[in-house]
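Residues per chain are reported as follows:
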There are 2 protein chains.
Amino acid sequence: MSDAYYLRLTDRLRELLSDPHACEEGRLPAERTLAERFRTTRVTLRQALAQLEGEGRIHRSNRRGWFVSPARLDYDPTRDAGFNDYVRAQGRRPRTEVLLTDTRPYPTAAEALGLPADQPFCHIRRRRFVDDRAVLAESLWVVPERAPGLLEGDYASHSLWGQLRSRWGLSLTHRSLRLYSEALPEREAAELGVAAGTAGLSVRRTIFDERRRPVEYDEEHWLHDALCITVELDGKA
Amino acid sequence: MSDAYYLRLTDRLRELLSDPHACEEGRLPAERTLAERFRTTRVTLRQALAQLEGEGRIHRSNRRGWFVSPARLDYDPTRDAGFNDYVRAQGRRPRTEVLLTDTRPYPTAAEALGLPADQPFCHIRRRRFVDDRAVLAESLWVVPERAPGLLEGDYASHSLWGQLRSRWGLSLTHRSLRLYSEALPEREAAELGVAAGTAGLSVRRTIFDERRRPVEYDEEHWLHDALCITVELDGKA
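Everything numeric in this text was worked out from a predicted model, so none of it was measured.

### A look at the pattern of salt bridges
This model, assessed by the stated rule, comprises 44 salt bridges over all chains. One salt bridge in this structure joins Glu138(A) and Arg126(A), with 2.8 Å as the shortest N-O distance. With Glu138(A) in strand S6 (residues 133-142) and Arg126(A) in strand S5 (residues 120-130), the pair connects residues that are 12 residues apart, well separated along the chain. Accessibility assignment for this pair places Glu138(A) and Arg126(A) in one class, buried. We note a salt bridge from Arg125(B) to Glu191(B), for which the minimum N-O separation is 2.7 Å. A residue pair is termed long-range when its members are at least 10 positions apart, and Arg125(B) in strand S5 (residues 120-130) and Glu191(B) in helix H7 (residues 186-192) qualify at 66 residues. Here the salt bridges do not stand alone but share partners, grouping Arg93(A), Arg95(A), Glu97(A), Arg127(A) and Asp132(A) into one network.

Written out as structure tokens, the structure is:
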């Protein structure tokens, strides 16, 4: 397959994606139909589809075929907005499911926060949706001493950070983030309804209060095509 | 395969990775040898290896087998350091190859910088290495009016930003970044010596000077397990 032919086919598929009549309910025509329409082989078609999947333009869903991916959500980690706020600010609809709450040690969180390995944490596991698509599986680990009674709250409808601030008077002053691309682990892939090994974006966050006391450690796993990290830097030379 | 068995095998492989005698020159024993040693099937072994690949702990290289991945490079996009500086600061060895230079229009760069679609750019295509592993394929698009004679410079040994500042007196005041995970496109995958579709991290950067004149647009494609984006936020509540 020559580079030029391949790019032309990918471009023609891109045009198809922006045609509201071509993709009923966001679903692409079957591969057989597409191969006939573009007079190409299934092998070449799949390479072009894989290219568009890599760009985050389309995705496979539960073996039901190919779907047009919604625009990526912009997230600026240097700003101080919660999920509900930045999803709504982009005209999208956020939803959260709490999958699990418990209290237990988690050595990874303890190490990140500089606590002993057997330190127990209040653990909240959530799945978050944008416009009814599951895009984020996350585990939050909060130091119990900072927020007594934390797990009695409702973290499907309420922001955890909002509650930490208003109910427990905590500041979330010192935050550090680590972001890297990954292949989604089996558990998170299952929770997000995709195959294990699908490309993902991992975000780890540690939070200390204004007295530098450890507050929270988060592990987030995003679908790779759901998120775009944006950072604006002004005034540095 | 039960979750517990799978996790145990992955943990035992992790121990193997940290044993300097087990992996000669950073190469894992052959899959057949590993399957025998851990008394498991090739299928199960490959699932555990895929998990470690997803975590960025190991990678395949040119069909020569599995290799231990070096630690990810930390990159803080809010700080103002060039590639050579932050690679060396982490005790690693940077190297750069210039693959191509030319002058031509690039509508994507023009749109990002607010210029007409037929605006020509000085284009530099580079491949960058950390400790002799190719980790980054990038294209830099510089507005010719900002830096006359730019393409006569040596951007294998010298920092482009350093030259823009010292030789052309430019400030790189207003920068914005967009980062997202992707499947590496064919061309970049070939340049980095991996299979097309391998997980990658895409970084797009626009740079304006202190008078808000457009200076540069960059497209970077990183190997997914080479980079970790880190951001430290202090003093925000």
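Now that the structure is up, let's keep going.
### A short note on the domain arrangement of chain A
All names here are of chain A. Per the domain assignment, the segments making up chain A are domain 1 (3-68) and domain 2 (73-229). Each of domain 1 and domain 2 has a C-alpha centre, and the two are 34 Å apart. Buried area between domain 1 and domain 2, summed over both chains or domains, comes out near 340 Å², and the portion from carbon and sulfur atoms is 41%. Taken together, the connections running from domain 1 to domain 2 amount to zero salt bridges. Its residues assigned to classes, the side of domain 1 that touches domain 2 shows one nonpolar, four polar and one charged.

### Overview of helix H3 (residues 42-54) of chain A
Residues spaced three or four apart along an α-helix point in a common direction, a consequence of the helix completing one turn every 3.6 residues. All names here are of chain A. With 13 residues, H3 should cover 18 Å at 1.5 Å per step; its first-to-last C-alpha distance of 18 Å lies within 8% of that length. For H3, the set of buried residues is Thr 44, Leu 45, Ala 48, Leu 49, Gln 51, Leu 52 and Gly 54. Note on H3: the residue one or two positions beyond its end, Gly 56, has a positive phi of about 80°.

### Some points on the relation of the copies chain A and chain B
Here chain A sits on chain B after a turn of 180° about the axis and a move of 0.0 Å along it, with an RMSD of 0.1 Å. Accordingly, the operation relating the two chain copies is best matched by a two-fold axis. A high fraction, 100%, of the interface residues of chain A reappear at the interface in chain B, so the copies pair face to face through one surface.

### Comments concerning the packing of aromatic side chains
Residue and element names in this part refer to chain A. Within this structure, the stated rule accounts for 10 aromatic pairs over all chains. Both rings, one in Phe 83 and one in Tyr 86, keep their centres 6.0 Å apart while their planes meet at 75°; by these two values the pair is edge-to-face. With Phe 83 and Tyr 86 both in helix H4 (residues 83-89), this residue pair falls three residues apart, about one helical turn. The pair Phe 83 / Tyr 86 is uniform in exposure class, with both members buried. Considering the side-chain rings of Phe 121 and Trp 141, the 6.4 Å spacing of their centres and the 85° angle between planes classify their relative orientation as edge-to-face.

### Examining empty space enclosed by the protein
Residues and elements named next belong to chain A. According to the stated counting rule, one finds two cavities of 30 Å³ or more in the structure shown. In this structure, the largest cavity encloses a volume near 60 Å³. Lining the largest cavity are Pro 70, Ala 71, Arg 72, Leu 73, Arg 92, Val 130, Arg 133, Val 135 and Ala 226. Estimated volume of the second largest cavity: approximately 50 Å³. Surrounding the second largest cavity, Tyr 75, Pro 77, Arg 79, Ala 81, Trp 161, Arg 175, Leu 177 and Arg 205 form its lining. Partitioning the lining of the second largest cavity into residue classes produces five nonpolar, no polar and three charged.

Rules used throughout
Residues numbered from 1 in each chain as written. Chains lettered and ligands numbered in written order. Predicted model: local features only at pLDDT ≥ 70, side-chain atom pairs only at ≥ 80, totals over all residues. Heavy atoms only, no water. Salt bridge = Lys/Arg side-chain N within 4 Å of Asp/Glu carboxyl O. Helix = DSSP H or I, 4+ residues; strand = E, 2+ residues; numbered from the N terminus. Buried < 20%, exposed > 50% of the residue type's maximum accessible area, 1.4 Å probe, protein only. Domains from an automatic or database assignment. Buried area = accessible area lost by both parts, 1.4 Å probe. Nonpolar A, V, L, I, M, F, W, Y, C, P; charged D, E, K, R; others polar. Expected span 1.5 Å × (residues − 1). Least-squares fit on C-alpha atoms with pLDDT ≥ 70 in both. Contact = heavy atoms within 4.5 Å. Phe/Tyr/Trp six-rings, centres within 6.5 Å; stacked < 30°, edge-to-face > 60°. 1 Å grid on protein atoms, 1.4 Å probe; cavity = no way out; pocket = protein on both sides within 12 Å on 5 of 7 lines; lining within 4 Å. Points joined across faces, edges and corners; volume = space filled by probe spheres on them.

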